[in-house]
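# Understanding the architecture of this molecule
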Amino acid sequence: MTDVINLASDNVAGAAPEILAAIAGAAGGRQPSYGGDEITARLQDRLSELFERRVAAFPVPTGTAANALALATFTPPWGAVVCHREAHVAVDECGAPEFYTHGAKLLVADGAHGKLTPATLTAAVPEWRGDVHRSQPAMLSLSQATESGTVYSPAEIGALAEAARGHGLAVHMDGSRFANALAGQGCSPAELTWKAGVDVLSFGGTKNGCVMAEAVVFFDPDKAADFAFRRKRAGHLLSKMRFVSAQLEAYLADGLWLRLARNANARARQLAEGLQALPGVTLEHPVEANEVFVRLPAALAEGLKRQGVFAAHWEGEIWRFVGAFDTDAATIETVLERARRCVASGAVAAAG
C-alpha cells in the first residue's frame, strides 16, 4: 500500500515534542486559574522581551478568536476593517469578525500575490468619513504571511501603516504564520511589527507545532484596557490557561519557533523547485514562507492523488502544498519521485 502524504495544510501536522512535554509539565501541582498562574506571567515577560517593549498579551486557543477579538478592540459596530480580498478574516472565519465587532463591515481590497499596497489600500477606503449613513473605516488588517504564501517586508508594512494612519486606521496583523514570515526576513520580531507601525498582532503557534495556542499581543498596553472582558465574554478565557501559556512558553524557548518555521519553509522551497522542473507545472505565487501554490496539469494532480499525495485544491488547476514543522526532506523527495513517475508514464504529456 502506498504511504499517504498529506501536504494540504500545516494544520494536519501533529505537535512538536517540546510542546507536548510542556503541556505535561504544566499538569502537576496546583496553579491559580484564568491566567493567574506563574506560567502565564512568565509568558508576558517573555513576549515583552521578544518584542523589545512592554506588551499586553492574552493567550487564546484559536486564531479566529485572536483575529476577531483584536479587530473588535479597535473597531466599533459602525466601523469597517480594510483587508485583502483573500484575507483569512474575510474568507475563512464564518463572519466571526463581524460578529465580535457587533456588525462592523469588511472592506476588501485587491493586490497581487495576496499583498496590499498603499495605493490599493487607499482605493478601498471610501470617501464617506463622517457620513452618518455609512460605516466608518477604523482598521487595516494585514496577513503575515499572506494567504498566497508571500511575505511583507518591514518597509512594506511601514508604508502601509503610514497610509493607514493617513486614513485614521489602526493596524492589525494576522500572524497565524508569523514565524514562517519572520524566519526568512533577517529582521527582528519588533522590526516586523510595532516598529513598522502595527498596533496589535495575532501571534500564532498552532500551525507551527503547538496543539492550540495563539496570543493577542498589544504593543501599547493602554489599548488593551477592555480586552480581558472581551475575551471572557466571547468564551475564550480558559480556566486552565496555563496549558495554553505553557505551549507558547516552550514554543519561544531557545528559538524553537523559528527552527520549526525554517524547516517548514525549506521544505516548501524544496518542493517548489522540484515541481517547477516538471513539464506543464508553474508557480502561481512566489514561495516566501511555507506554502506552495502551483498550477498542475489535471493528469498530474490526479496521478499524485492516486499515489497518496494530497494537496488542497484552490481553484482551476491551482493546488496548495504546505510544508509543516515536521515535514522532512525525504518526504518531499518522495512526493517529487511520485510526480516524476506520473510524468514518465506519459499520462501528463498525453493529457497536455
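The paragraphs below set out a description of the structure included in this document.

What counts as what
Residues numbered from 1 in each chain as written. Predicted model: local features only at pLDDT ≥ 70, side-chain atom pairs only at ≥ 80, totals over all residues. Heavy atoms only, no water. Helix = DSSP H or I, 4+ residues; strand = E, 2+ residues; numbered from the N terminus. Rg over C-alpha atoms; globule rule 2.2 N^0.38 Å. Buried < 20%, exposed > 50% of the residue type's maximum accessible area, 1.4 Å probe, protein only. Contact = heavy atoms within 4.5 Å. Areas by Shrake-Rupley, 256 points an atom, 1.4 Å probe, with all protein chains shown as cover. Lys, Arg positive; Asp, Glu negative; His and termini not counted. Charge placed at Lys NZ, Arg CZ, Asp CG, Glu CD. Pairing = 2+ DSSP bridges. Axes fitted to C-alpha atoms, helices over the stretch in contact; angles between N-to-C directions. Salt bridge = Lys/Arg side-chain N within 4 Å of Asp/Glu carboxyl O. Core = buried A, V, L, I, M, F, W, Y, C linked by side-chain atoms within 4.5 Å. Phe/Tyr/Trp six-rings, centres within 6.5 Å; stacked < 30°, edge-to-face > 60°. Lys NZ or Arg CZ within 6 Å of the ring centre and 35° of its normal. Patch = residues over 30% accessible without salt bridge, like charges linked within 9 Å, V, L, I, M, F, W, Y side chains within 5 Å.

For the rest of this paragraph, the subject is the overall build of the chain. Check the secondary structure of the chain and you find 14 helices and 13 strands. For the chain, the C-alpha radius of gyration of 21 Å lies close to 20 Å, the compact-globule estimate for 352 residues. The principal-axis extents of the C-alpha atoms in the chain amount to approximately 65 × 55 × 35 Å. Counting over 352 residues, the chain shows a buried share of 55%. Sequence separation of 24 or more characterises 76% of the internal contacts of the chain that already satisfy a separation of 6 or more. Carbon together with sulfur atoms contributes 54% to the accessible area of the chain, which is approximately 14600 Å² in total. Positive and negative side-chain charges of the chain, numbering 32 and 38 respectively, have mean locations separated by a distance of 4 Å.

A word on the sheet that holds strand β7 (residues 200–204). Strands belonging to one sheet form pairs held by backbone hydrogen bonds; the direction of such a pair is parallel or antiparallel. Pairing is mixed in the open sheet, where seven strands are placed in the order β2-β8-β7-β6-β5-β3-β4. Here the strands that pair on one side only, and so sit at the sheet edges, are β2 (56–60) and β4 (105–109). Sheet twist, expressed as the mean angle between neighbouring strand axes with direction ignored, is 20°. Strand contacts of helix α2 (residues 38–51): β2, β7 and β8 (214–218), with the helix running at about 120° to β2, the strand carrying the most contacts.

Looking now at the pattern of salt bridges. What the rule picks out here adds up to 16 salt bridges. Between Arg177 and Asp10 there is a salt bridge, with the nearest N and O atoms lying 2.8 Å from each other. Here the residue Arg177 occupies a position in the loop between β6 (170–175) and α8 (178–183), and Asp10 occupies one in the loop between β1 (5–6) and α1 (17–25), the gap between them amounting to 167 residues. No difference in accessibility class separates Arg177 from Asp10, as the two residues are buried. A salt bridge links Asp131 to Arg134; the nearest nitrogen and oxygen atoms lie 4.0 Å apart.

Our next topic: the nonpolar core. Among the nonpolar cores identified, the biggest contains 59 residues, and Phe51, Phe203, Val217 and Trp257 are the most heavily contacted of them. Sorting elements by how many residues they give to this core places helix α10 (residues 242–252) first, with six residues. When neighbours within four sequence positions are excluded, Val217 is seen to be in contact with Leu47, Phe51, Val55, Ala56, Ala57, Asp199, Val200, Leu201 and Phe203. Ile5, Ala301, Leu304 and Val335 belong to the second largest nonpolar core, which has 24 residues in total.

As a further point, take the packing of aromatic side chains. Counted under the stated rule, the structure contains 14 aromatic pairs. On the basis of an interplanar angle of 55° and a centroid distance of 6.1 Å, the ring pair of Tyr251 and Trp257 is categorised as tilted. No difference in accessibility class separates Tyr251 from Trp257, as the two residues are buried. Among the aromatic residues, those joined into a ring-pair cluster are Phe51, Phe178, Phe203, Phe219, Tyr251 and Trp257. Sitting over the ring of Trp194, Arg53 keeps its end group 4.5 Å from the ring centre.

A separate point is the pairing of strand β12 (residues 312–315). When β12 meets strand β13 (residues 318–322), the two strands line up antiparallel, connected through three bridges. Each bridged residue has a counterpart across the sheet, and for Glu315 the counterpart in β13 is Ile318. Hairpin connection of β12 to β13: two residues between the antiparallel strands, including Gly316 at a positive phi of 55°.

Nonpolar side chains collect at one region of the surface, where Leu20, Val211 and Met212 lie side by side and expose about 250 Å² of accessible area between them. Residue position: Met212 is located in the loop between β7 and β8.

Turning our eyes to something else, we now look at the sheet that holds β12. Reading across the sheet, the four strands line up as β9-β10-β13-β12 and stay open at both edges, with antiparallel pairing between neighbours. Two strands bound the open sheet, and with one partner strand each, they are β9 (282–283) and β12. For strand β10 (residues 291–295) and β13, the ladder comprises five bridges, and the chain directions are antiparallel. The residue bridging Arg295 from the neighbouring strand is Ile318, located in β13. Along the sheet, helix α11 (residues 256–276) makes contact with β9, β10 and β13, crossing β10 at roughly 15°.

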